[in-house]
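# Summary of structural features
Here's the letter readout for the chains.
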Amino acid sequence: DSAKLAIASYFSRFSDRVVDDFQTSLLDAAKQNTGIYVKNNLIKSLINAQGNELIQFYKSILSDSLSDYRWKISALHAAGKNPYESVKELFWDALDDKNKAVVIKASTYLKENVPKSDIRRLINAAKAQKNIRAKSDLLARCKMLDSLKEVDDYIFEVFHQINDQYDIANMVKSEAEGRFALDFLENLIKQDTAAIIQTTAFDHYIKQLEKAEFVNKLQQDEALRNNYISSFKAGMLSGDVAINYLGANALRNEQLPLS
């Protein structure tokens with residue numbers, strides 16, 4: 001068993017070098033082995049391979065209630081290298097998995113890949129999702145695709161139903177993708193609220209600068225620019241170590257209009 005693990009670990013670490021020559025053998029081995037770590041590494045070794053046979057293999061892992069959650073996460077990670085249309089059902093179905101880590105892996109992928117044509121499915125899935133982290137990912141994607149009043153209203157509703165500071169911080173990430181993000185984040189930065197919430201707000205306030213459209217507005221609108229810098233300074237003066245770290249990194253980036 002130790003020899004199998006060592007070999008499987010090797011293939012998982014150097015998957016880009018071996019997959020062309022050993023793809024069939026690795027897939028057969030991944031199907032046959034049942035050791036948690038050996039099988040997991042064999043699944044990882046296939047990450048650079050694509051094709052329907054592999055997708056069907058990932059599907060068999062994800063649909064089997066006896067599959068270890070680590071196999072499922074690795075299967076989703078590998079499946080994500082394929083085109084969205086060919087693997088999307090694996091990720092949508094994984095949102096209902098009993099393991100939270102698997103659900104979050106699926107929602108993380110969907111946050112980055114769902115097209116606007118699937119926005120209604122995205123909204124419905126977000127409303128049905130019980131895991132707040134996953135729910136926030138799905139809602140963030142909704143807001144990235146379109147500014148819909150339905151989504152705004154639902155996020156507002158969820159905000160007033162949750163009390164856990166980490167759940168609230170996750171929902172902040174969703175709201176940060178919306179059209180009213182700037183005012184929302186500024187208010188949180190200046191509030192005397194839980195550190196995780198304030199830090200998350202400040203982090204996403206800085207990330208607004210990653211949007212070319214927003215940077216162009218800052219450069220053209222002096223009032224907006226002054227207000228942004230004022231709120232940035234207010235965050236830095238909060239004394240929070242995490243916020244100071246985030247702010248210092250932003251100030252080091254000469255491409256950001258913060259001076």
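First, a word on what this report is: a plain description of the structure on this page. (Residues numbered from 1 in each chain as written. Predicted model: local features only at pLDDT ≥ 70, side-chain atom pairs only at ≥ 80, totals over all residues. Heavy atoms only, no water.)

### Remarks on the overall build of the protein
Condition: The way it works is that DSSP assigns letters per residue, a run of H or I at least four long becomes a helix, a run of E at least two long becomes a strand, and they are numbered from the N terminus. Accessibility here uses a 1.4 Å probe with only protein chains present; expressed as a share of the type maximum, an area under 20% marks a residue as buried, one over 50% as exposed, and anything in between as partly exposed. The contact definition used throughout considers only heavy atoms, calling two residues in contact when any of these lie within 4.5 Å. Values of accessible area rely on a 1.4 Å probe in the Shrake-Rupley scheme; residue burial ignores everything except the protein chains shown. Charge counting treats Lys and Arg as positive and Asp and Glu as negative, with His and both chain ends excluded. To locate a charge, the coordinates of NZ of Lys, CZ of Arg, CG of Asp or CD of Glu are taken.
If you tally the helices and strands in the protein, you get 16 helices and 0 strands. Projecting the C-alpha coordinates of the protein onto the three principal axes gives extents of approximately 65 × 40 × 30 Å. Across the 259 residues that make up the protein, the buried fraction comes to 47%. Contacts spanning at least 24 positions in sequence make up 60% of the contacts within the protein whose residues lie at least 6 apart. Counting every atom, the protein has about 14,000 Å² of accessible surface; 49% of that belongs to carbon and sulfur. Of note, the protein has its 34 positive side-chain charges centred 2 Å away from the centre of its 35 negative side-chain charges.

### Details of the packing of helix α5 (residues 69–79) against helix α7 (residues 100–113)
Rule in force here: Lines fitted to the C-alpha atoms define the axes, with helices restricted to the stretch that makes contact. Angles between their N-to-C directions range from 0 to 180 degrees. Any angle between 65 and 115 degrees counts as roughly perpendicular, while under 35 counts as roughly parallel, over 145 as roughly antiparallel, and the rest as oblique. Residues are grouped as follows: nonpolar covers Ala, Val, Leu, Ile, Met, Phe, Trp, Tyr, Cys and Pro; charged covers Asp, Glu, Lys and Arg; every other residue, Gly included, is treated as polar.
The interhelical angle for the contact between α5 and α7, taken along N-to-C directions, is 5°, at an axis separation of 9 Å. Classified by the angle between their axes, α5 and α7 sit roughly parallel to one another. Within the contact between the two elements, α5 uses Tyr69, Lys72, Ile73, Leu76 and His77 and α7 uses Ala101, Val102, Lys105 and Ala106. The class makeup of the residues in the contact of α5 with α7 is 6 nonpolar, 1 polar and 2 charged.

### Digging into the side chain of glutamine 208
Defined as follows: N or O atoms within 3.5 Å of each other form a polar contact, as long as, within protein, one can give a hydrogen and the other can take it, and as long as residues adjacent in sequence are counted only when both atoms are side-chain atoms.
Within the fold, glutamine 208 resides in the loop between α13 (195–207) and α14 (212–220). Given a relative accessible area of 7%, glutamine 208 falls into the buried group. Reaching out from glutamine 208, the side chain makes a polar contact with the backbone oxygen of alanine 176 at a distance of 3.2 Å. Among residues more than four places away in sequence, those in contact with glutamine 208 are Ala176, Ala181, Leu182, Leu185 and Phe214.

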